[in-house]
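# Observations on the model geometry
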Amino acid sequence: MNYQSQKFAVIRAYLTNLVLVLTLLLLPVSFVSAAELNITQNQLPVNLGPYLDYFEDPQRTYTIEQMTSDTIQWQRSTQTIPTMGMSKSAHWFYIVLSGEKMLNEDLVLALDTVVMDRVEFYFVDGDTVIRTSLVGDTIPLSQLDYPYRFPVVPFEIAEEGQYSKIIFRAVSSVGVEIPLTLTTVSLLAESQQSILVFNGALLVMFLFCFGITVILFSYTRDSLFFGIALFFGAGAIFMLTQTGIGRIWFWPESIGANTRISLISATGMIASLCLTGRALQFENRYRDSVNIMLRFLTYSMIPFCLYYLIIPFDQISSDNVIPLMVIGLLAALVVLVMASITAIQGSKAAIYLVTSWVLIILAYSSLLIYKFEIIERSASSSIIGEAFAIAAVVFLLMAVAEFVRTKSDELIEARMETKAKGNFLKNVSREFLTPVHLILANSKRLMAAHSDTLDDPTRQHMATVITQSNHLHNLINDLLEMAELESDSFEAEFELVEMSQFLGDIKNTMSPSIMEKGLQLETEFASANLLVQTDKSRLQHILINIITNAIKFTEKGGILLAYKAIYFQRRLGIEISIEDTGRGMSEEFQQILFSEFSRENEVSEKDPQGTGLGLVIVKRMVEKLGGEITFESQKNAGSRFYIRLPLRVIKD
């Protein structure tokens, strides 16, 4: 037994030594075969990713001299496109190439990744660097050998039987992916034609959608359109950075601009998601809390934007980029949940919005999964992401169209309700007007007939009845005029009016009231015999209303009625001004002057009371006549109203 044990031990030792010797003999062969790649002309273009060796430099301290030594432990890439994710490290890559019948080919090494801070290529002969080339979006375009939208490096392959050794170093603050291809200039241009057309069409689509939503927001002032417009605007800028088109067109010489602008536009897109979520209308007990969170995220994008704008470029790293990516994903998921709740509650526009948001999240996730090194980047990753983006845009436009249709239906319904309410108001007001008129007339008649026989308390009561009846009579008249202005039946009756005579008649009409108050009414006409096409009776109503207000609130001094010819809305017009020396208006009241039932707060019991509708009616009448009304006022220094009208009305 001892003899057999010793025999087996000798055999085991012999086999172990044999394995070690074979391993040592085969190791150099294995290393050489892994590092060397022989290429023929008909194989171009060749993806070099699977043949790269790599070495991670966490401190970014290694030099090319160290990388050409035998002490570096290179690792073989197992990925078609080596994907290192978000990392602060520098990554070195190594490959040895040889070729057949390609000495006269215009070869290039193409690194199809746009957002790459800096890539340093070293072409080595033995241990000597014979040529270097710098590329990346931190290198000005004028300093590149091939100024293209992504890094392209000219390459001359060694003669047959010799090898070209390439070592390059890549650093990026937003992720390292190495889709390295050996190709020719002509093959590269041919392969990029369809991609450039696709990217250009997608960019035009985003800009078109941005223009549409901006126009919709300018008309509706709806926050949903503002959020979607911001999404398309920021998305178009983000696309310029991710496709390299912006680097070619707008910032070719700016160092680090591509990365900065991509991060700043990303903050705009996240803010747009939050704004869109806040604009959604749904019933849920957590809605207010979610809106508060979205409001906080929206405003938090401002310091993020400023941070990426002013921070030194070399300090932008995964530590301050990853939080923005996580916030963006969180905002998209929250808005997706809110849109889903809105869709469940019956909003058809929200159904399209949910679909769009799912596609946006898928497009965003296709970017994050290799940025976070979850899976390797594939050659189709960018195409898949852009396809999701296109589908998301289509559904987002469908959501906008449905939202516009819904708003249009609501507006038509509201107009019908307004018309019905206006008709009801006119009918009821007319019914009220007759008894009020009778009460007012009989009260005045009774007061005049028996003023000598009435005692003081009764006389005061009768005066109160007359005052309040007169106020009610004016209020009903104003309501009737408001209802008429808002109804579809309102039509101005235009005729030619000679302004000097017309304003002279206004002066004569208002003279008794002016004289009763002890004031002066002056006129100032810059030109005579000026004909204006307008509605005479309604313009008279407008001027009498303004002059009556001026008389009420002016205790001393006078009123100036003037007109002059001007250019109004790019054509000839007239400006009528009414200036008084009254008490003026406070700045607070000026903000609400043309609002319904607005009155000055600082009034005393003896101040004349109005209905608060007179100037509202005046403004709407002026607009119906094709003009505008403005004013200037200062407290205790009087007021001046300007009415501008065209000389000729152009009817649709």
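The shown structure was predicted, so the numbers you read here are calculated from the model rather than taken from an experiment.

Right, let's get into the sheet that holds strand β18 (residues 571-580). If you walk across this open sheet you meet the five strands as β15-β17-β18-β20-β19, and the pairing is mixed. Two strands bound the open sheet, and with one partner strand each, they are β15 (520-525) and β19 (628-633). Geometrically, the sheet is characterised by an average inter-axis angle of 20° between neighbouring strands, direction not taken into account. Inspection of the sheet shows strand β17 (residues 558-568) paired to β18 by 10 bridges, in the antiparallel sense. Note that in β18 the partner of Ile-566 across the bridge is Gly-573.

This part takes up the pattern of salt bridges. Applying the stated criterion across every chain, the model contains 11 salt bridges. As a salt-bridge pair, Lys-564 and Glu-575 come within 3.9 Å of each other at their nearest N and O atoms. Of the two residues, Lys-564 is situated in strand β17 and Glu-575 in strand β18; the sequence distance between them amounts to 11 residues. Looking at Lys-564, the relative accessible area reads 41%, which means it is partly exposed.

Our focus in this paragraph is the sheet that holds strand β2 (residues 46-47). The pairing of strands in a sheet happens through backbone hydrogen bonds and is either parallel or antiparallel. Strand order across the open sheet formed by four strands is β2-β13-β7-β10, with antiparallel pairing between neighbours. Of all strands in the sheet, those with a lone pairing partner are β2 and β10 (152-155), marking the two edges. Examined bridge by bridge, strand β7 (residues 107-111) and β10 share four bridges and lie antiparallel to one another. Within β10, the position partnered with Ala-110 by the bridge is Val-152. Its contacts with the sheet put helix α3 (residues 185-220) on β7, β10 and β13 (180-184), and the angle it makes with β13 is roughly 110°.

A few words on the environment of Gly-614. With respect to the helices, strands and loops of the structure, Gly-614 is situated in helix α15 (residues 614-624). Considering only alpha carbons, one finds Gly-614 and Asn-549, 65 residues apart in sequence, at a separation of 9.0 Å.

This next bit is on the packing of aromatic side chains. A complete count under the given rule lists 21 aromatic pairs for this structure. Both rings, one in Trp-92 and one in Tyr-122, keep their centres 6.2 Å apart while their planes meet at 25°; by these two values the pair is stacked. Of this pair, Trp-92 sits in strand β6 (residues 90-100) while Tyr-122 sits in strand β8 (residues 118-125), and the two are 30 residues apart along the sequence. Taken together, Phe-93, Phe-121, Phe-123, Phe-155 and Phe-168 form an aromatic cluster joined through their ring pairs. The cationic tip of Arg-131 hangs over the ring face of Phe-123; the distance from NZ or CZ to the ring centre is 4.1 Å.

Here we take up unusual backbone geometry. Each neighbour pair has its own omega, and for Leu-44 with Pro-45 the value is -5°, a cis peptide bond. For Pro-45, the position within the fold is in the loop between β1 (36-40) and β2. A positive phi angle, close to 60°, is found at Arg-221, a residue other than glycine. Summarising the element assignment, Arg-221 is placed in the loop between α3 and α4 (223-243). Despite not being glycine, Asn-636 shows a phi value in the positive range, around 65°. Mapped onto the fold, Asn-636 is located in the loop between β19 and β20 (639-646). Asn-636 gets classed as exposed once you look at its relative accessible area, which sits at 64%.

With that out of the way, let us pick up α15. Since the α-helix packs 3.6 residues into each turn, any two residues three or four apart lie on the same face. Along α15, the residues classified as buried are Gly-614, Leu-615, Val-616, Ile-617, Val-618, Met-621 and Val-622. Trailing α15 by a residue or two, Gly-626 shows a phi angle of about 85°, which is positive.

Quick look at a nonpolar patch on the surface now. A surface patch of nonpolar side chains, amounting to about 550 Å² of accessible area, comprises Tyr-299, Ile-302, Leu-306, Leu-309 and Ile-310. Mapped onto the elements, Leu-306 comes out in helix α7 (residues 287-310).

Next up on the list: the pairing of strand β3 (residues 53-57). Burial along β3 is one-sided: Asp-53, Phe-55 and Asp-57 are buried, while Tyr-54 and Glu-56, pointing the other way, are not. Taken together, the five bridges between β3 and β6 define a ladder with antiparallel strand orientation. The residue bridging Asp-57 from the neighbouring strand is Ala-90, located in β6.

Now for the confidence of the model for the protein chain. Averaged over every residue, the pLDDT of the protein chain is 80; the share at 70 or more is 85%. Mean pLDDT across the elements of the protein chain bottoms out in helix α1 (residues 2-35) (40) and peaks in β3 (92). Counted against residues more than four places away or in other chains, residues 1-34, with its pLDDT under 50, gives four contacts. Contacts for the low-pLDDT stretch residues 604-608, under 50 throughout, to residues beyond four places or in other chains number five contacts.

Criteria and cut-off values
- Residues numbered from 1 in each chain as written.
- Predicted model: local features only at pLDDT ≥ 70, side-chain atom pairs only at ≥ 80, totals over all residues.
- Heavy atoms only, no water.
- Pairing = 2+ DSSP bridges.
- Helix = DSSP H or I, 4+ residues; strand = E, 2+ residues; numbered from the N terminus.
- Axes fitted to C-alpha atoms, helices over the stretch in contact; angles between N-to-C directions.
- Salt bridge = Lys/Arg side-chain N within 4 Å of Asp/Glu carboxyl O.
- Buried < 20%, exposed > 50% of the residue type's maximum accessible area, 1.4 Å probe, protein only.
- Contact = heavy atoms within 4.5 Å.
- Phe/Tyr/Trp six-rings, centres within 6.5 Å; stacked < 30°, edge-to-face > 60°.
- Lys NZ or Arg CZ within 6 Å of the ring centre and 35° of its normal.
- Patch = residues over 30% accessible without salt bridge, like charges linked within 9 Å, V, L, I, M, F, W, Y side chains within 5 Å.
- Areas by Shrake-Rupley, 256 points an atom, 1.4 Å probe, with all protein chains shown as cover.
- pLDDT = per-residue confidence, 0-100.

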